Amino acid sequence: MSSAAEPRSFPPDFLWGAATSAYQIEGSPLADGGGESIWHRFAREPGRVRDAEAVPIASDHYRRWQEDLGLMRTLGLNAYRFSVAWARVMPAGTGAVNQAGLDFYRRLVDGLLTAGIRPCLTLYHWDLPAALEDRGGWLHPDSADWFAAYAAVVHAALGDRVAMWATFNEPWVVMDAGYLHGCHAPGHRSRAEAAQVGHNLLRAHAAGLAALRAAGARQLGIVLNLEPKYPASEAPADRAAAQRADAYMNGFFLDPLLTGAYPALLPGLFGADWPATPAAELARIRQPLDWIGVNYYTRSVVRHDPEAGFLAAAALRQPEAPHMATNWEIYPAGLGKVLDRVWQLARPLPIYITENGAAFPDAPSAAGGRIEDPRRSDYLVAHLREARAALARGIDLRGYFVWSLLDNLEWAEGLSLRFGLVRVDPANQERTIKASGYRYAEIIRAGGRLPEP
Ligand code: FCB
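A. Just the overall build of the protein chain, in detail. In terms of helices and strands, the protein chain carries 15 helices and 13 strands. Against the compact-globule benchmark of 22 Å for 453 residues, the protein chain has a radius of gyration of 21 Å, which places it among compact chains. Overall, the C-alpha framework of the protein chain stretches about 60 × 55 × 45 Å when taken along its three principal axes. Of all intrachain contacts in the protein chain linking residues separated by at least 6 positions in sequence, the fraction that spans at least 24 positions is 77%.

In structure tokens form, the structure reads like this:
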């Protein structure tokens, strides 16, 4: 039962949104003068990306954005989080600007505003222009300046219309999957490169933030994926393993941004691979934010294992617990834990839940083509309860964005993982709102009133 203090609903100005990213939904990467991104190139390398043939189409949002805007209206969203494809706007990454690419986003943003939906723009959701990778990508010391120049170009075109700006989406994934494990573009596998890129992404965030602020932009933030690490037992070795995993995944970005220092454990874990992190750079990385975004999907339970990589920490599957199609445990309480932690470090900074959602293999039911996805609805409601409880604890939570508006390309997993509130039929791109979409719409209409358990 909810406590007497717990509000039954959400504040009237709460943002109710859904999130997407450019590579995952747009398709048509080279249309109207756009350039190739590292993901489009990666997908052409054999064996890297499932459903590679679908990559140039994705969810065909570049051509169907008006229909998608209609879906957002039907759902009753008052905010939409999307990303800009850097190579669409600057095909070579630096220098020449492709006006037609900017015009696409201008039409989208104007359409959102007309519909009363706040445009929440992410500058970098993993799709570096391939031309910049050829010059060294995020390893290049000038990458921070490249990013700042790109941020200024987007701001000059859209600055008067965008409600919220995020510099980066989940820099940890770029570092870990893109540069340590190589399962994401650009497919590098080097611990030294990963650490350097992690630091360079923070430098780029700082440079982008400064450029946006100098141009007069407001509501600037960054989006981090945070996953609480629980020790598998009370044994000191397991507790220490959980701390290492936490320093690497959560502390690597959270701590420098909010405290001005990397977690003390990190240089030791990386040894000779730890990059130079001059005090002046750390001071710049800590410059004030207007908000912070948390992407939350799951937790992990960690055991000490000397064989498990440089962290000597292995994630243990919880066989009794429910999981989604990604094999991630469904663990709503972890969201509350993460929000408490961020609030402790960041208060009074407002927090947004910038992504939360679940993949299940849903299919139209025989009767009337309705898509019944009760597990997704339950997931969303359970996490919204955690959000509501966080508000009751005094956390300044301002909004919630479902990942994702549409079924889309889930990176290396292609079309196999479907997170959408709206089904997209890969055969003909037909859109169908799932039952979870209607459920979310009802919750929004009721001001956030949740079905009680
Ligand atoms: C997050 C990403 C998003 C999507 C979801 C499932 O890590 O930001 O693009 O892939 O996971």
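B. Local environment of the sheet that holds strand β8 (residues 300–304). Strand order in the open sheet formed by 3 strands is β6-β8-β9, and the pairing between neighbours is mixed. Every other strand in the sheet has two partners, leaving β6 (229–231) and β9 (313–315) as the edge strands with one partner each. Across the sheet, the axes of successive neighbouring strands diverge by a mean angle of 40 degrees, strand direction being ignored. Sheet topology note: the β6/β8 ladder contains 3 bridges and is parallel. Bridge pairing in β8 places Tyr230 opposite Val301. Those strands touched by helix α10 (residues 236–259) are β6, β8 and β9, and its axis lies near 125 degrees from that of β8.

C. Just the sheet that holds strand β5 (residues 220–225), in detail. Strand order in this closed barrel of 8 strands is β1-β2-β3-β4-β5-β7-β10-β11, and the pairing throughout is parallel. Averaged over all neighbouring strand pairs, the angle between strand axes comes to 25 degrees, with direction disregarded. Looking at chain direction, strand β1 (residues 15–19) and strand β2 (residues 79–83) are connected through 3 bridges and run parallel. By the bridge assignment, Gly17 is partnered in β2 with Ala79.

D. Inspection of the packing of aromatic side chains at higher detail. All told, the structure shown has 38 aromatic pairs when counted by the stated rule. With 4.5 Å between their ring centres and 35 degrees between their planes, Phe147 and Phe168 make a pair best called tilted. Here Phe168 lies in strand β4 (residues 164–169) and Phe147 lies in helix α7 (residues 143–158), a separation of 21 residues in the sequence. Across the pair, Phe168 and Phe147 agree in class, each one buried. Aromatic side chains Phe252 and Tyr262 sit 5.3 Å apart centroid to centroid with 75 degrees between the ring planes, which places their arrangement in the edge-to-face category. Linking Phe252 in helix α10 with Tyr262 in the loop between α10 and α11 (265–270), this pair joins segments that are 10 residues apart in sequence.

E. Spatial organisation of the site of the ligand. Around the ligand, the surrounding shell consists of Gln24, His125, Trp126, Asn169, Glu170, Asn295, Tyr297, Glu355, Trp403, Glu410, Trp411 and Phe419. Contacts to the ligand include His125, whose side-chain N or O atom sits 2.8 Å from an oxygen atom. One nitrogen or oxygen atom from the side chain of Glu170 is found 2.5 Å from an oxygen atom belonging to the ligand. Notes on the ligand: free accessible area 290 Å², of which the protein chains cover 95%.

F. Summary view of unusual backbone geometry. Residue Pro186 is reached from Ala185 by a cis peptide bond, and omega for that bond is 10 degrees. Looking at where Pro186 falls in the secondary structure, it is placed in the loop between α8 (171–180) and α9 (191–214). That bond from Arg347 to Pro348 is cis: its omega, 5 degrees, falls within 30 degrees of zero. Within the secondary structure, Pro348 sits in the loop between α13 (333–346) and β10 (351–356).

G. Region of the structure containing the pairing of strand β7 (residues 291–295). Burial analysis of β7 places 5 of its 5 residues in the buried class, which makes it a mostly covered element. Residues Trp291, Gly293 and Asn295 line one face of β7 and the alternating positions Ile292 and Val294 line the opposite face, and both faces are buried. Here β5 pairs with β7 via 5 bridges, running parallel. Bridge assignment links Leu224 to a residue of β7, and that residue is Val294. Relative to β10, β7 runs parallel, the two being bridged by 4 bridges. Bridging across to β10, Asn295 finds its partner in Glu355.

H. Structural view of the side chain of Ser21. Mapped onto the elements of the fold, Ser21 is located in the loop between β1 and α1 (22–25). Judged by relative accessible area, which is 1%, Ser21 ranks as buried. Side chain to side chain, Ser21 and Gln24 meet in a polar contact 2.7 Å long. Among residues more than four places away in sequence, those in contact with Ser21 are Ser83, His125, Trp403 and Trp411.

I. Molecular detail of helix α3 (residues 61–75). Compared with the 21 Å implied by 1.5 Å per residue over 15 residues, the 17 Å span of α3 between its first and last C-alpha is markedly short. Along its length, α3 shows its largest kink, about 40 degrees, at Glu67. All of the buried residues in α3 are His61, Tyr62, Trp65, Asp68, Leu69, Leu71, Met72 and Leu75. Trailing α3 by a residue or two, Gly76 shows a phi angle of about 80 degrees, which is positive.

J. Examining the environment of Ala210 more closely. Counting through the fold element by element, Ala210 comes out in helix α9. The spacing of Ala210 and Met249 is 39 residues in sequence and 25 Å in space, taken between C-alpha atoms. The residues touching Ala210, leaving out its near neighbours within four places in the chain, are Arg284 and Gln287.

K. Looking closely at the nonpolar core. Judged by nonpolar contacts, the single largest core of 157 residues is most densely connected at Trp86 and Trp138. Excluding anything up to four places from it in sequence, Trp138 contacts Trp86, Tyr124, Leu128, Ser143, Phe147, Phe168, Val174, Tyr179, Val197, Asn200, Leu201 and Ala204.

L. Geometry of the pattern of salt bridges. Evaluated as defined, the whole model comprises 27 salt bridges. The shortest N-O distance in the salt bridge between Asp290 and Arg213 comes to 3.3 Å. Highlighted residues: Asp290 in the loop between α12 (279–285) and β7 and Arg213 in helix α9, separated in sequence by 77 residues. For the salt bridge of Lys229 with Glu227, the shortest nitrogen-to-oxygen distance reads 3.1 Å. Residue classification places Lys229 among the buried residues on the basis of a relative accessible area of 16%. Three or more residues are tied together by salt bridges with common partners; here these are Asp362, Asp373, Arg376, Asp407, Arg418 and Lys434.

The rules behind the values
The residue count restarts for each chain, going from 1 along the sequence in the order it is written. Only residues with pLDDT of at least 70 get local features here, since the model is predicted, and only at 80 or more are side-chain atom pairs given and counted; chain-wide, interface and lining totals rely on the full set of residues. Neither water nor hydrogens contribute to the side-chain values; these are computed over all heavy atoms in the structure. Helix numbers and strand numbers start at the N terminus; a helix is a DSSP run of H or I with at least 4 residues, a strand a run of E with at least 2. All radius of gyration figures rest on C-alpha atoms, and the globule criterion is 2.2 Å times the number of residues raised to 0.38. Contacts are residue-level and defined by heavy atoms, with any inter-residue pair within 4.5 Å sufficient. By this definition, two strands are paired if DSSP reports at least two bridges between them. Axes, fitted as lines to C-alpha atoms, cover a helix only where it is in contact. Angles between the N-to-C directions of the axes lie from 0 to 180 degrees. Only rings of Phe, Tyr and Trp enter the pairing, Trp through its six-membered ring, and a pair is recorded when the two centres are within 6.5 Å. The plane angle decides the type: under 30 degrees is stacked, over 60 is edge-to-face, the rest tilted. Relative accessibility thresholds used throughout: buried, under 20% of the residue-type maximum; exposed, over 50%; partly exposed, between the two (1.4 Å probe, protein chains only). If a single non-hydrogen atom of a residue is within 4 Å of a molecule or strand, that residue counts as near it. Polar contact criterion, stated in full: a pair of N or O atoms within 3.5 Å, where within protein one must be able to donate a hydrogen and the other to accept it, and residues adjacent in sequence count only if both atoms are side-chain atoms. Exposure was quantified through the Shrake-Rupley algorithm and a 1.4 Å probe, taking into account, for residues, occlusion by the shown protein chains and nothing else. A helix's residues, less one, multiplied by 1.5 Å, set its expected span. Note that the bend at a residue is defined as the angle between axes fitted to the seven residues ending at it and the seven residues starting at it. Definition of nonpolar core: a set of buried residues of the types Ala, Val, Leu, Ile, Met, Phe, Trp, Tyr and Cys, connected through side-chain atoms within 4.5 Å. Put simply, a salt bridge is a Lys or Arg side-chain nitrogen that is within 4 Å of an Asp or Glu carboxyl oxygen.

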